[in-house]
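Letter by letter, the chains look like this.
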Number of protein chains: 2
Amino acid sequence: VNRNAAFIKEARAFLSESQVLTDPQECSNFGSDWSRLSGAPFAVALPESTAQVAALLKLCSELKIAVVPSGGRTGLVGGAVAGKDSLVLSLARMHFIHKINTAASTVRVQAGATTQAVHEQCEPHGLIWPIELASKGSCQIGGNLATNAGGLRVIRYGMARKWVNGLQIVTAAGNIIELNRQIEKNNTGYDLIQLVVGSEGTLAVITEATLRLTTKPQASTVFFFGVDSIEQIVALLSLARSRRFPLLAFEFFSRACLRSVEKELNRASRLNVDSAFYVIVEMECALTPELELWTESLVSSKIITDGLIAHSSDERKQVWSLREGITESLSHRGGIRKYDLSLPLITIQNTILEIENRIKILKVRADVFWFGHLGDGSPHLNIVQIKESTREDFDADCDRFETDLFKILLESGGSISAEHGVGLLKKDWITYSRTPEERAWFRAIKNAFDPLGILNPGKIID
Amino acid sequence: VNRNAAFIKEARAFLSESQVLTDPQECSNFGSDWSRLSGAPFAVALPESTAQVAALLKLCSELKIAVVPSGGRTGLVGGAVAGKDSLVLSLARMHFIHKINTAASTVRVQAGATTQAVHEQCEPHGLIWPIELASKGSCQIGGNLATNAGGLRVIRYGMARKWVNGLQIVTAAGNIIELNRQIEKNNTGYDLIQLVVGSEGTLAVITEATLRLTTKPQASTVFFFGVDSIEQIVALLSLARSRRFPLLAFEFFSRACLRSVEKELNRASRLNVDSAFYVIVEMECALTPELELWTESLVSSKIITDGLIAHSSDERKQVWSLREGITESLSHRGGIRKYDLSLPLITIQNTILEIENRIKILKVRADVFWFGHLGDGSPHLNIVQIKESTREDFDADCDRFETDLFKILLESGGSISAEHGVGLLKKDWITYSRTPEERAWFRAIKNAFDPLGILNPGKIID
C-alpha cells in the first residue's frame with residue numbers, strides 16, 4: 001500500500017493529473033477485458049510517449065510494482081486483467097500513425113493505434129495490414145502483436161506475427177530497444193521480435209511497430225454452402241484449394257449458430273436445404289462461369305447439400321453477417337464458456353464428435369455452438385447455459401467438462417488455444433499443450449527479460 | 001582425442017559403418033561450406049532417423065563433444081564450418097517428403113530434403129513453398145530454416161520463417177520435441193519455433209518440419225529497366241508498388257555486374273542505353289496494354305533510361321539469367337569478399353554512396369559489385385581482387401575497410417546481415433547490429449537450450 005502511494009506520488013512528478021487514474025470505477029474498467037474475469041488495479045497510467053513508458057517502468061522496477069500492459073482490452077482469456085496491487089499501463093494515448101512508406105510497403109505506428117485506424121490509413125494506397133478482427137474498432141496494434149492475433153484471414157495471410165518488420169520495446173528495467181529499426185531483414189542471431197510477439201505482455205512493453213503491408217486483393221468471390229458433416233467440410237476445403245486460387249477465408253458454423261444469428265438478425269439465410277453445418281468460402285478471384293459450374297458439381301457430387309454465390313456487394317454482406325453475428329447473438333443467454341481449439345485437420349472430424357459425446361455423457365446442461373476458422377483447423381466451441389439450469393450448475397458442469405476436453409485435445413495432437421492465448425483463464429491447462437522442456441524454456445526466457453517478475457505476472461505460466 | 005575415439009566406438013554400436021565417417025578428406029568436405037573458411041571435424045555422423053539423431057546427441061552430451069548440425073553447406077558465413085574436435089551431424093540421409101496435405105496446404109518433410117525436391121513435390125498441386133534460392137539444388141530444408149533463408153521472393157513472401165507451421169527438434173540433451181505437431185495455430189506461450197528458426201544450429205537440431213504452402217501465382221510479368229541512380233530505383237519501387245499488383249521480385253545490379261555476367265554468358269543484354277544500374281521487376285499479373293504504357297511513361301518521365309518487357313518464356317529466362325549469373329561470374333577472379341547488407345530504404349542512396357566513397361578513400365585495391373534484393377533494402381556488396389593487387393594486399397585492404405563499413409551500417413540504422421546470418425565470419429561484428437541487452441538475452445536463451453554449450457559452439461556469439 002505504501003509502495004502504491006509512493007508510485008502515485010512519483011509518477012505524478014512527470015505525468016499530468018489526467019495521466020494517472022486512481023478512481024476505483026476507472027481502475028476497474030481498465031483492469032478488465034472481454035473475459036469473464038475482472039480486475040481492480042490500484043492505478044492506471046496513460047503515458048503519451050515512449051520516454052514516459054520507460055520512466056514508468058524504471059519506477060515500477062524500483063518499487064517492484066506489477067505492471068499490466070494494456071491495449072483495447074478485447075482479449076478473451078484475462079491477459080489484460082489486473083490484480084489489486086498492480087498498475088495498468090495503458091498505451092491508449094500513444095496512437096500516432098506515421099505516413100505510409102510506399103517504397104517499403106510498411107507503416108510505423110504507435111502501439112495504441114486501433115487496428116481499424118491502421119486499416120483506414122492503408123485504404124487509399126490500395127494496401128492492407130491483413131489482420132481482420134471483429135473487435136478491430138477497439139483493439140490496438142500493441143495488443144494484436146502482444147497476443148499474435150488471428151482472425152478471419154489467417155488462411156490467406158497467417159497470424160499477426162507475419163506482418164511486423166520492426167518493434168520498439170521498453171524492457172522491464174525501463175530501457176528502450178529498437179528491434180530491427182526500419183529494416184526488413186536482419187539475420188543476426190535469435191529473432192527477438194518473434195519472441196515478444198505473442199508473449200502477452202510478459203517480456204516487454206511494445207510501444208511502436210513497423211507493420212508490413214500487402215496489396216489489397218484485386219477481386220474475390222464469396223460462396224455460401226450447406227454441408228452435412230465435418231468430414232465433408234474438410235473434403236470441401238481440399239476441393240476449394242484445388243481451384244488454385246488463394247482462399248481468403250474458409251469459415252464454418254453449426255445449424256445451432258445459424259438459428260441463433262437468424263433470430264438475432266430477424267432474417268433467414270437464403271439457403272433452402274437445412275444442413276448440419278454451413279461454410280463461407282471466399283476465394284481470391286473474379287467470379288467465372290467455371291466457378292458456377294463447380295458449385296453445381298459440388299451439389300451433384302453430394303459434397304454440399306446446397307450452395308449459393310453472393311453476386312452483389314449486398315449479398316456478400318448478408319452472407320458474412322451470418323458469420324459475424326454469431327458471437328453477439330450468443331451473448332444474451334446467460335453463462336457462456338468459450339473454447340478456442342486448434343486441431344489437426346486430419347483428425348478434426350473424430351475429435352469434434354468425441355467432444356460432443358463427452359458433453360452428452362457428462363450431462364452438461366448447455367447448448368453447444370461450433371463455429372470459426374475451420375480452414376485453419378481452429379474451431380471455436382461455445383457452451384451456453386440453458387434456461388433449465390442455474391448459473392452454479394452450469395459452471396460446475398463446465399468445470400467438469402474442461403478437464404476432459406483438454407485431455408481429448410492432448411490426445412488428438414491439438415492445442416488449448418489457437419488464437420486467444422493463455423492469459424489467466426488457460427494457465428492451468430498449458431501442460432496440455434506444452435511439454436516440461438518447453439515450460440522450462442519459457443521460465444528461462446521470462447527470467448532473462450524480466451528478472452524481477454514485474455511484467456504481467458501470473459500470465460501464461462507461474 | 002580419447003573422447004573422440006570413445007565417441008566413434010559408441011556411435012558405431014548403433015550406426016552402420018557407412019554412417020560414421022572418419023576419412024580426413026570426407027571430414028574436411030563435410031566440415032566446410034561456401035564461405036572462405038574450411039573445417040576439419042574428427043568425424044561425420046549420418047543418422048537415418050530422428051531416434052538416431054537423439055541417440056547421437058545424448059552421446060555427445062555425455063562426452064561433451066561439440067556438434068555442428070549440417071545441411072547442404074551452402075552458407076556463406078561459416079555457420080556449418082566444423083572445428084577439429086567437433087562432430088558434423090549431417091541430416092543428408094533424412095530426406096523423406098510426405099504426401100502433400102491438400103486440405104491444410106502443408107507438407108511434412110525431413111530436414112535433409114533439398115529445397116528443390118520440395119518444390120518438385122509441390123508443383124503438380126499448383127502449390128509452392130515460396131523460398132527461391134540459387135542454391136536450391138543443394139541446400140536443405142533444415143538449413144533453410146536454421147538460417148531463416150531469404151532469396152529472390154522475399155518482397156512477396158517474406159523469409160523462410162513465415163512458411164513453417166511445425167518443427168520436430170532434438171535438444172542438446174537428446175530429447176525429441178514436437179513444436180506444434182500438425183496444427184497451424186498454437187497461441188500458448190512464447191513461439192519456440194520462431195526462436196529455433198534462424199538460430200544457426202545453436203539451440204537445437206531440426207529433424208522434421210511441417211511447411212506451409214501457398215498457391216502458385218496465376219500470371220506474372222517481367223520488366224527489365226536501366227536506371228541511373230539508387231534514388232531513381234527507390235522511386236521506381238514506389239511506382240511499381242502503386243500499380244497495386246503484388247511484386248514477386250525487385251532485384252537490381254550495377255553496370256559492373258552486367259558487364260561481368262555478359263562476358264560470362266557471352267551475350268549482351270537487350271537494353272540499348274548504358275545505365276549505372278539495372279532493375280528486374282516481376283509483377284504478379286498478366287501483361288496488359290496499361291503496363292506497356294506505364295513502361296513508356298517511366299522513360300518519358302526519366303525515372304528509367306531504358307526498359308523492356310519480357311514477352312516470351314525465353315525472354316523472361318534471358319532477363320533473369322543476367323541476375324542469376326552474377327555470383328558465378330565473379331567467382332573466377334581471385335579474392336572476393338561478400339557483404340550482405342540490410343538498409344532502410346529511406347537512406348539507402350546516401351549509405352551506398354558513403355560506402356563507395358570509403359572504398360575510394362581507403363584505396364581498397366578491388367572492383368566493386370552491387371546487386372541483390374533492393375526491394376527489401378538488402379543489397380549484396382561484393383569486393384573482388386584486381387590483377388594489380390596480391391591476395392595479401394587485398395585481404396589487408398578488406399580488413400581495413402570492414403570496420404568502417406560496419407560503422408556506416410550502424411549509423412544508418414542498417415544491419416551487418418540481411419540474410420546470410422552470422423556464423424563465424426560475422427561474429428566479431430554482431431555488436432554493430434545488436435545491443436548489449438539483446439546479446440545478454442541471446443546468451444540466456446542459448447544457456448537454457450544448451451547448458452553444456454555443445455551445439456554449434458562459437459557461432460553467432462561466444
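Right above here is the structure, for reference.
So, here is what we can say about the structure in this document. Because the structure is a prediction, the values reported are computed rather than measured.

**Focus on the packing of helix α15 (residues 436-449) of chain A against helix α15 (residues 436-449) of chain B**
Thinking step 1. It is at 9 Å that the axes of α15(A) and α15(B) come closest, and there the two elements cross at 160°. Between α15(A) and α15(B), the crossing angle belongs to the class labelled roughly antiparallel. Between α15(A) and α15(B) lies a crossing whose hand is right-handed. For the pair α15(A) and α15(B), contact is made by A:Trp441, A:Ala444, A:Ile445, A:Ala448 and A:Phe449 and by B:Trp441, B:Ala444, B:Ile445, B:Ala448 and B:Phe449, respectively.
Thinking step 2. When its residues are assigned to classes, the contact of α15(A) with α15(B) shows 10 nonpolar, no polar and no charged.

**A short note on the sheet that holds strand β15 (residues 336-340) of chain A**
The strands making up a sheet associate through backbone hydrogen bonding, with each pair oriented either parallel or antiparallel.
All names here are of chain A.
Thinking step 1. Judged by pairing direction, the sheet is antiparallel, and its seven strands sit side by side in the order β14-β11-β13-β12-β16-β17-β15 without closing on themselves. Because the sheet does not close on itself, it has two edges, and the strands there are β14 (306-310) and β15. Each strand axis lies, on average, 15° off the axis of its neighbour in the sheet, ignoring direction.
Thinking step 2. With seven bridges connecting them, strand β12 (residues 247-254) and strand β13 (residues 277-283) associate as antiparallel partners. Residue pairing in the sheet places Ser254 in a bridge with Phe277 of β13.
Thinking step 3. Sitting on the sheet, helix α9 (residues 255-265) touches β12, β13 and β16 (366-373), and the angle it makes with β12 is about 90°.
Thinking step 4. Taken strand by strand, helix α11 (residues 313-324) contacts β11 (221-227), β12, β13, β14, β16 and β17 (378-385), and its axis lies near 50° from that of β11.

**Considerations on the relation of the copies chain A and chain B**
Thinking step 1. Under the fitted operation, chain A is carried onto chain B by 0.0 Å of movement along the axis and a turn of 180°, and the coordinates agree to an RMSD of 0.0 Å. Between the two chains, the operation in question is that of a two-fold axis.
Thinking step 2. Interface residue correspondence from chain A to chain B reaches 100%, placing this contact among same-surface, isologous pairings.

**Description of helix α13 (residues 348-361) of chain B**
All names here are of chain B.
Thinking step 1. With 14 residues, α13 should cover 20 Å at 1.5 Å per step; its first-to-last C-alpha distance of 20 Å lies within 8% of that length.
Thinking step 2. Those residues of α13 lying buried are Ile348, Thr351, Ile352, Ile355 and Ile359. Down the axis of α13, the buried side of the element spans an arc of 100°, and every buried residue falls inside it. Turned more than 90 degrees away from the buried face of α13, the exposed residues are Asn350, Lys360 and Ile361.

**Looking at the interface of chain A and chain B**
Thinking step 1. Every contact between the two is made by 83 residues of chain A and, on the other side, 83 residues of chain B.
Thinking step 2. At the boundary of chain A with chain B, total buried surface from both sides reaches about 7100 Å², with 54% on carbon and sulfur atoms.
Thinking step 3. For the chain A face of the interface with chain B, the top three residues by lost area are A:Lys185, A:Asn187 and A:Tyr190, together amounting to 15%.
Thinking step 4. Linking chain A to chain B there are 50 residue pairs in polar contact (both at pLDDT 80 or more).
Thinking step 5. Mapped by element, the contributors of at least two residues to the side of chain A that touches chain B are α6 (154-157), β8 (176-179), α7 (192-196), α8 (230-241) and α15 of chain A.
Thinking step 6. With nine residues, the single largest contributor to the side of chain A that touches chain B is α15(A).
Thinking step 7. When grouped by side-chain class, the residues that make up the side of chain A that touches chain B number 35 nonpolar, 31 polar and 17 charged.

**Examining the packing of aromatic side chains**
Think of a pair of aromatic rings as described by two things: how far the centres are apart, and how the planes are tilted against each other in angle.
Thinking step 1. Overall, the coordinates contain 32 aromatic pairs over all chains when judged by the stated rule.
Thinking step 2. Ring geometry for A:Phe223 and A:Trp294: centres 5.6 Å apart, planes at 85°, overall edge-to-face. Remark: A:Trp294 occurs in helix α10 (residues 289-300) and A:Phe223 occurs in strand β11; sequence separation between them is 71 residues. Of the two residues, A:Phe223 and A:Trp294, both sit in the buried class.
Thinking step 3. Relative to A:Trp429, the ring of A:Phe406 has its centre 4.7 Å away and its plane inclined at 45°; by these criteria the two rings are tilted. Note that A:Phe406 is positioned in helix α14 (residues 391-412) and A:Trp429 in the loop between α14 and α15, a separation of 23 residues in sequence.
Thinking step 4. A residue is classified by how much of its surface remains accessible, and A:Phe406, at 1% relative accessible area, is buried.
Thinking step 5. For A:Trp429, a relative accessible area of 16% puts it in the buried group.
Thinking step 6. Three or more aromatic residues joined by ring pairs form one cluster here, namely A:Tyr339, A:Phe401, A:Phe406, A:Trp429 and A:Tyr432.
Thinking step 7. Here the basic side chain of B:Arg73 rests over the ring of B:Phe30, its NZ or CZ set 4.5 Å away from the ring centre.

Rules behind the numbers
Residues numbered from 1 in each chain as written. Chains lettered and ligands numbered in written order. Predicted model: local features only at pLDDT ≥ 70, side-chain atom pairs only at ≥ 80, totals over all residues. Heavy atoms only, no water. Axes fitted to C-alpha atoms, helices over the stretch in contact; angles between N-to-C directions. Helix = DSSP H or I, 4+ residues; strand = E, 2+ residues; numbered from the N terminus. Parallel < 35°, antiparallel > 145°, perpendicular 65-115°, else oblique. Left-handed = near helix turned anticlockwise from the far one by under 90°. Contact = heavy atoms within 4.5 Å. Nonpolar A, V, L, I, M, F, W, Y, C, P; charged D, E, K, R; others polar. Pairing = 2+ DSSP bridges. Least-squares fit on C-alpha atoms with pLDDT ≥ 70 in both. Expected span 1.5 Å × (residues − 1). Buried < 20%, exposed > 50% of the residue type's maximum accessible area, 1.4 Å probe, protein only. Arc of directions from axis to C-beta. Buried area = accessible area lost by both parts, 1.4 Å probe. Polar contact = N/O pair within 3.5 Å; in protein donor to acceptor, adjacent residues only side chain to side chain. Phe/Tyr/Trp six-rings, centres within 6.5 Å; stacked < 30°, edge-to-face > 60°. Lys NZ or Arg CZ within 6 Å of the ring centre and 35° of its normal.

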